[in-house]
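# Survey of secondary and tertiary structure
This is what each chain is made of:
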Amino acid sequence: MIIKNGNLFCDDGEFRKYDIETNGEVISAIGESLSCDNLEIADAQDCYVIPGLLDIHSHGSMGADFCDGTSDAIEKIAKFQLKNGVTSFLGTTMSLPEGQLTDICTAAEPFVNKEYPDRAVLRGIHLEGPFFNQSKRGAQNPDYIINPDYDMFLRLIDASGETVRIIAVAPELDGGLDFIKFASLDCKISIGHSSADYETACSAYLGGANHATHLFNGMTPFSHREPGIIGAAFDYGVYVELIADGIHVHPSAVRAVFKLYGDDKVCLISDSMRACGLEDGSYDLGGQAVTVIGKEARVADGSLAGSVTPLTDCMRNAVSFGVPLASAIKSVTINPAKSVGLDNEIGSLTTGKRADILVLDKDLNLKQIIFGGNPIFIFCGP
């Protein structure tokens, strides 16, 4: 098929009046006034044409949690993601006993990189825990938080069929820096739920970490004398996750992060939990009760328990906060793809890459989704 007349988001971060053609599952041509002989045409007049979104930190939605460890849960999450323009995602765990994490990894492995016409592609596993600092646990269950255990990590890697793409860890814990040194050979490492000071965070980044988990949340605050993880992440040019739901991080701080780190390093995430897409009420996350009221999900002690905001809304929010549109798009497409090593396949509208494409109107509402070269739903046409 061919998408014509749209404002196409190009690799250099600029919008151009280019057409984009797909052949099977891949992008086959990009340019001005492409021939459309014998091709299905989608008219994107007055619309933005951007890559499908990638959510590298999502726990669940529509009543399902990745930690349920079932095919039904993965299916529900993947369908919800795709309907919201997220064409690829990482299933994210919580701090849980090794046996349960093993079961989750084992259940997920058959679905990784498998393609279904009505589901976003599960690209791998994000292990958020259990190697965290109790003092910064947030909504992580304190009963299951332990010091870094490399042998346990290897067992989880094995159970996942080597599909773990990223793990979050607190480097200040006993064995934390050694863990990062060796585990970074198998997957990406993020500093999260950590009270690490600046020097320890720098050592972690020098030792192989390349991420900061949901910046500002679950870490010591940034200050002029104790810059902590936030300062170290800036100095070492790593990728930083950011939840732009309007609850976790103030709009001013969202704007500041894009200015401070540059729009090549910010990765917006949903951090969505099972209540995402549903009404207010009582839910659970990582074995703890969660109360959802409006856009806030909290455990009993008042800590935020993930979000109920889809990634597409986080992108829209960032723009409404004053982040340039091109920067916001990069933060949900190519940046997360680069951060977890998927940028050769997805993340940009590039010839030869997978044809996961969104058409958005001027208000950033979804008008069309092309998924692996196939239109999922269409509200615009020739």
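Provided above is the structure to which this section pertains.
Cut-offs applied
- Residues numbered from 1 in each chain as written.
- Predicted model: local features only at pLDDT ≥ 70, side-chain atom pairs only at ≥ 80, totals over all residues.
- Heavy atoms only, no water.
- Helix = DSSP H or I, 4+ residues; strand = E, 2+ residues; numbered from the N terminus.
- Polar contact = N/O pair within 3.5 Å; in protein donor to acceptor, adjacent residues only side chain to side chain.
- Contact = heavy atoms within 4.5 Å.
- Buried < 20%, exposed > 50% of the residue type's maximum accessible area, 1.4 Å probe, protein only.
- Arc of directions from axis to C-beta.
- Pairing = 2+ DSSP bridges.
- Axes fitted to C-alpha atoms, helices over the stretch in contact; angles between N-to-C directions.

## Some thoughts on the side chain of N210
Of note, N210 is situated in the loop between α5 (198-206) and β15 (211-212). Of the polar contacts made by the side chain of N210, one reaches the backbone oxygen of S339; its length is 3.4 Å. Once residues within four sequence positions are removed from consideration, N210 is found in contact with K188, I189, Y205, V238, Y239 and S339.

## Notes on unusual backbone geometry
With an omega dihedral of 15°, the bond running from G129 to P130 counts as a cis peptide bond. Along the chain, P130 falls in the loop between β12 (121-128) and α3 (150-159). In this structure, M62 takes a positive phi of about 50° despite not being glycine. Turning to its location among the elements, M62 is positioned in the loop between β9 (60-61) and β10 (64-65). A positive phi angle, close to 60°, is found at E162, a residue other than glycine. Turning to its location among the elements, E162 is positioned in the loop between α3 and β13 (164-169). The class of E162 is exposed, set by a relative accessible area of 66%.

## Observations concerning helix α2 (residues 98-108)
Owing to its 3.6 residues per turn, the α-helix aligns residues three or four sequence positions apart on the same side. Turning to α2, its buried residues are L101, I104, C105, A107 and A108. Buried residues of α2, seen end-on, are gathered within an arc of 165° and therefore sit on one face of the element. Looking at the buried side of α2, the elements it contacts are α1 (71-83), β12 and α3.

## Here we look at the sheet that holds strand β5 (residues 26-31)
Pairing in this open sheet of four strands is mixed, and the strands run β5-β4-β1-β6 from one edge to the other. Here the strands that pair on one side only, and so sit at the sheet edges, are β5 and β6 (41-43). Direction aside, the axes of adjacent strands within the sheet are offset by 20° on average. Bridge count for strand β1 (residues 2-4) against β6 is three bridges, and the pairing is parallel. Of the residues in β6, the one forming a bridge with I3 is A42.

## Here's the deal with the sheet that holds strand β17 (residues 266-269)
Read across the open sheet, the eight strands follow the order β8-β11-β12-β13-β14-β15-β16-β17; overall the sheet is parallel. The outermost strands of the open sheet, each flanked by one partner alone, are β8 (53-58) and β17. Sheet analysis places β15 next to strand β16 (residues 239-243), joined by two bridges and oriented parallel. Counterpart to A212 in the pairing with β16 is V240. Sitting on the sheet, helix α8 (residues 311-320) touches β8, β11 (86-92) and β17, and the angle it makes with β17 is about 125°.

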